[in-house]
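Remarks on the overall topology
Chain residues, written in single-letter form:
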Amino acid sequence: MSAPHMTRVAIANRSGVPLLDARVIHVFGDEQPEVLTWSRAIESGEGMLSDTKNVSYATGFGNMTDNDWWLVSWETEEAGQRFVCATTPSMFNLVSNYFIMQGGDAIGATVDVSDAIDPSDTAKSMSKMGGSLAKLLFGGIARKVDKSQLKEHVLKEEDAYDPLHPADIGLKLVVGSDMTVTFESPSGNSKADYTKVAVPNDLVALGY
């Protein structure tokens, strides 16, 4: 029989720049994605940690419960240029496989990237994609997730919240300056690369 758990998630920023509008998507099995949001900037520095957020999961049923998938995303601003970053191997696939929920249960829009990809001008294509991705990631909640684009990091029983040790953190996400995010749990660590794309300034001005 499986046992339900809850654990606390926090972000440690070691990237050298503040993380803006950070979000973490957690998918356990085939359950609805949990979306954690940090509206305040997460400053960079050794020993600094964001506020904690909670996620739920289960253990004790073999492969049926070894099934935690993650996406970490945020924005940064460097020398007046806005960037969007995410732990996904392909920005193009990420955009094409996500739905945005505008409110309630209505699916407001999908993102069509067919006209954003210009093989003759990679920089231009990535700039357009950055704008689409910013609108996508920060405009609503992901409804349909392609798990090939997510990071697998399985939570175990020892990662669960313990009321006898309320300050313990079950998952610490360490954003590094080397384009990686390290997933640190009492049960073990893993690492994911992240991708960084510039957002066109005209889209930033529109609030995307």
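The paragraphs below set out a description of the structure included in this document.

About the thresholds
Numbers given to residues run from 1 along each chain, matching the order in which its sequence is written. In keeping with the model being predicted, local features are shown solely for residues with a pLDDT of at least 70 and side-chain atom pairs are shown and tallied solely at 80 or more, while totals for entire chains, interfaces and linings include all residues. Hydrogens and water are ignored here; the side-chain numbers use all heavy atoms of the structure. Under the DSSP-based scheme used, a helix requires at least four consecutive residues in state H or I and a strand at least two consecutive residues in state E, with every element numbered from the N terminus. Working definition: with a 1.4 Å probe on protein chains only, accessible area under 20% of the residue-type maximum means buried, over 50% means exposed, and in between means partly exposed. We call two residues in contact when some of their heavy atoms are within 4.5 Å. The Shrake-Rupley method, run with a 1.4 Å probe, gives the accessible areas here. Residue values count only the displayed protein chains as cover. Strand pairing requires that DSSP identify at least two bridges connecting the strands. Inter-axis angles, ranging from 0 to 180 degrees, are taken between N-to-C directions of lines fitted to C-alpha atoms, where helices are fitted over the stretch in contact. In this analysis, rings of Phe, Tyr and Trp, with Trp reduced to its six-membered ring, are considered paired at centre separations within 6.5 Å, and the interplanar angle assigns stacked below 30 degrees, edge-to-face beyond 60, and tilted for intermediate values. In this analysis the charged atom, NZ for Lys or CZ for Arg, is taken to sit over a ring once it is within 6 Å of the ring centre and within 35 degrees of the ring normal. Salt bridges, as used here, are contacts in which a Lys or Arg side-chain nitrogen is within 4 Å of a carboxyl oxygen on Asp or Glu.

Take the overall build of the chain next. Looking only at helices and strands, the chain features 3 helices and 14 strands. Burial status across the chain gives 44% buried among its 208 residues. Of all intrachain contacts in the chain linking residues separated by at least 6 positions in sequence, the fraction that spans at least 24 positions is 71%. Counting only carbon and sulfur atoms, one obtains 50% of the accessible surface of the chain, whose full area is about 10,400 Å².

Right, let's get into the sheet that holds strand β13 (residues 188–193). Strand order in the open sheet made by the 5 strands is β4-β1-β11-β12-β13, with mixed pairing throughout. Strand pairing shows two members of the sheet lacking a second neighbour, β4 (53–59) and β13, which therefore form its edges. Geometrically, the sheet is characterised by an average inter-axis angle of 25° between neighbouring strands, direction not taken into account.

Aromatic ring pairs: the centre-centre distance and the angle between the two ring planes describe each pair. Taken as a whole and judged by the stated rule, the model has 1 aromatic pair. Geometrically, the ring pair formed by W74 and Y194 is edge-to-face, given 4.8 Å between the ring centres and 75° between the ring planes. One end of the pair, W74, is in strand β5 (residues 68–78); the other, Y194, is in the loop between β13 and β14 (195–198), with 120 residues separating them in the sequence. Between the NZ or CZ atom of K196 and the centre of the ring of F83, over which it lies, the distance is 4.6 Å.

Time to look at the pattern of salt bridges. The final tally for this structure, using the stated rule, is 7 salt bridges. A salt bridge links E46 to R14; its shortest N-O distance comes to 3.6 Å. In this pair, E46 sits in the loop between β3 (34–38) and β4 while R14 sits in strand β1 (residues 3–14), placing the two residues 32 residues apart along the sequence. Taking the relative accessible area as the measure of exposure, E46 reaches 71% and is therefore exposed. A relative accessible area of 23% means that R14 is categorised as partly exposed. Residue R82 pairs with E75 through a salt bridge whose shortest N-O separation is 2.5 Å. E75 shares its class with R82; the two are buried.

In short, shape yes, function no, at least from these values alone.
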